[in-house]
Amino acid sequence: MSSLATPVASSIRQLRVAFPQQSFPVGQDAEWCVVYDGGEWREFRFHDYAQIYSLPGLYEKIFMEHLKSRSHMVMAEALVRELQLRNRPLEECRILDLGAGNGHVGAQLYELGARHLWGVDVLPEARFAARRQHPQVYSGYTLVEPGWLRELQDFRFDTVICVAALGFGDIDPNLFETVLEALPTGSLLAFNIKEQFLNALDPSGFNHLFTHLQAQGKFKPLRQWKHFHRYSTWGEPLHYLGVLAEKP
Ligand SMILES: C[S@@+](CC[C@H](N)C(=O)[O-])C[C@H]1O[C@@H](n2cnc3c(N)ncnc32)[C@H](O)[C@@H]1O
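Keep in mind that this is a model prediction, so the values were computed, not measured.

1. Notes on the overall build of the protein
1) Next: Counting its regular elements, the protein contains eight helices and 10 strands.
2) Next: Taken against the 2.2 N^0.38 rule, which gives 18 Å for 248 residues, the C-alpha radius of gyration of the protein at 18 Å falls within 12% of a compact globule.
3) Next: Once the C-alpha set of the protein is aligned to its principal axes, its extents read approximately 55 × 40 × 35 Å.
4) Next: Positive and negative charge centroids in the protein, built from 24 and 28 side chains respectively, lie 4 Å apart.

2. A look at the sheet that holds strand β2 (residues 32-36)
1) Next: The three strands lie next to each other as β1-β2-β3, forming an open sheet whose pairing is antiparallel. Here the strands that pair on one side only, and so sit at the sheet edges, are β1 (16-18) and β3 (41-45). Taken pair by pair, the neighbouring strands of this sheet meet at an average axis angle of 30 degrees, ignoring direction.
2) Next: Where β2 meets β3, five bridges bridge the pair, whose relative direction is antiparallel. Paired with V35 across the strands is R42, a residue of β3.
3) Next: Across the sheet, helix α3 (residues 58-66) is in contact with β1, β2 and β3; its angle to β1 comes to roughly 55 degrees.

3. Points about the site of the ligand
1) Next: Lining the immediate surroundings of the ligand are 17 residues, of which Y53, Y59, G99, D121 and V163 lie closest.
2) Next: One nitrogen or oxygen atom from the main chain of G99 is found 2.7 Å from a nitrogen atom belonging to the ligand.
3) Next: Taking 600 Å² as the accessible area of the ligand by itself, protein coverage stands at 90%.
4) Next: In this structure the site holding the ligand corresponds to the largest pocket.
5) Next: The two domains that each donate at least three residues to the shell around the ligand are domain 1 (6-66) and domain 2 (71-246).

4. Focus: the pattern of salt bridges
1) Next: According to the stated counting rule, one finds 10 salt bridges in the structure shown.
2) Next: When the shortest N-O distance is used, the salt bridge between E246 and R86 registers 3.1 Å. Placement of E246 in strand β10 (residues 237-246) and of R86 in the loop between α4 (71-85) and β4 (94-98) is noted, with a sequence separation of 160 residues between them.
3) Next: Using a relative accessible area of 28% as the deciding quantity, one classes R86 as partly exposed.

5. Observations regarding the state of the cysteines
1) Next: A complete count under the given rule lists zero disulfides for this structure.
2) Next: You can see C93 has no disulfide; the closest cysteine sulfur is in C162, sitting 17 Å from it.
3) Next: On the accessibility criterion, C93 (2% relative accessible area) is buried.

6. A look at the layout of surface pockets
1) Next: Each pocket or cavity is described by its volume, and for the largest pocket that value is around 700 Å³.
2) Next: Along the walls of the largest pocket sit 36 residues, with Y49, Y53, A164, A165 and D170 positioned nearest its centre.
3) Next: For the lining of the largest pocket, the secondary structure elements donating two or more residues are α2 (49-54), α3, α4, α5 (104-112), β5 (116-121) and β9 (220-231).
4) Next: Tallying contributions element by element places α3 first for the lining of the largest pocket, with three residues.
5) Next: Looking at the lining of the largest pocket residue by residue, the class counts come to 21 nonpolar, 12 polar and three charged.
6) Next: Counting residues domain by domain, the lining of the largest pocket receives three or more from each of domain 1 (6-66) and domain 2 (71-246).

Here is what the cut-offs are and how they apply
- Residues numbered from 1 in each chain as written.
- Predicted model: local features only at pLDDT ≥ 70, side-chain atom pairs only at ≥ 80, totals over all residues.
- Heavy atoms only, no water.
- Helix = DSSP H or I, 4+ residues; strand = E, 2+ residues; numbered from the N terminus.
- Rg over C-alpha atoms; globule rule 2.2 N^0.38 Å.
- Lys, Arg positive; Asp, Glu negative; His and termini not counted.
- Charge placed at Lys NZ, Arg CZ, Asp CG, Glu CD.
- Pairing = 2+ DSSP bridges.
- Axes fitted to C-alpha atoms, helices over the stretch in contact; angles between N-to-C directions.
- Contact = heavy atoms within 4.5 Å.
- Near = heavy atom within 4 Å.
- Polar contact = N/O pair within 3.5 Å; in protein donor to acceptor, adjacent residues only side chain to side chain.
- Areas by Shrake-Rupley, 256 points an atom, 1.4 Å probe, with all protein chains shown as cover.
- 1 Å grid on protein atoms, 1.4 Å probe; cavity = no way out; pocket = protein on both sides within 12 Å on 5 of 7 lines; lining within 4 Å.
- Sits in = over half its atoms within 2 Å of the grid points.
- Domains from an automatic or database assignment.
- Salt bridge = Lys/Arg side-chain N within 4 Å of Asp/Glu carboxyl O.
- Buried < 20%, exposed > 50% of the residue type's maximum accessible area, 1.4 Å probe, protein only.
- Disulfide = S-S within 2.5 Å.
- Points joined across faces, edges and corners; volume = space filled by probe spheres on them.
- Nonpolar A, V, L, I, M, F, W, Y, C, P; charged D, E, K, R; others polar.

Remember that the coordinates give geometry; whether it matters functionally is a separate question.
This is the structure:
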């Protein structure tokens, strides 16, 4: 499990969260809840990550405690197992955590033995929250801004993990391809994605991206499997597709 610093753990105890009663499911990107932090009840939409990260402990309260989010563990463990199979020492891998948020994936990998982790996200609030909650985990944390990859030159990443950050208007196919281009050959990638985004008719562009990367020999899927991601606000289990791949 991700380690929680004490101030965050105590603010989690003070927070109260209530989910809407719905007679029909809403899309994952439209989910919301109301939160009481000792002052007043306020509405939070799940895709307003900046707002959620800014209230210490709220992400953990909603996604870990109530909705039983598991993707960070599933994907971190899958990557570590694959590295073991290849006799690649985890502590030597230089891992880029793409869409790192407030650092749960990094913290999970750190707990399993990774020592070179670099976070990337588009939100300053995510970086702030990751540093607040997991100060020991990342050697660096870069914001996606023009020229952002230059900041990573010295880190020389050779492994990428990207959890629950593709699709739904988050990381787009262009950014994913840019990161893949910067990876040395033979590198491993671990990511998960909702299966709908891989459908040939889906407009997100991920189906086209993976099809053309494979055709060009730039991307080789090794293993894919369906796994429990979390519950929705109306109690339905949500599943993602976990993918382990290699840059051949
Ligand atoms: C659902 S959160 C997942 C966070 C983390 N990977 C985890 O599993 O706890 C998705 C994250 O992707 C980030 N994100 C969205 N668009 C992005 C982009 N274009 N570049 C980098 N990160 C992005 C969001 O800011 C958010 O922190």
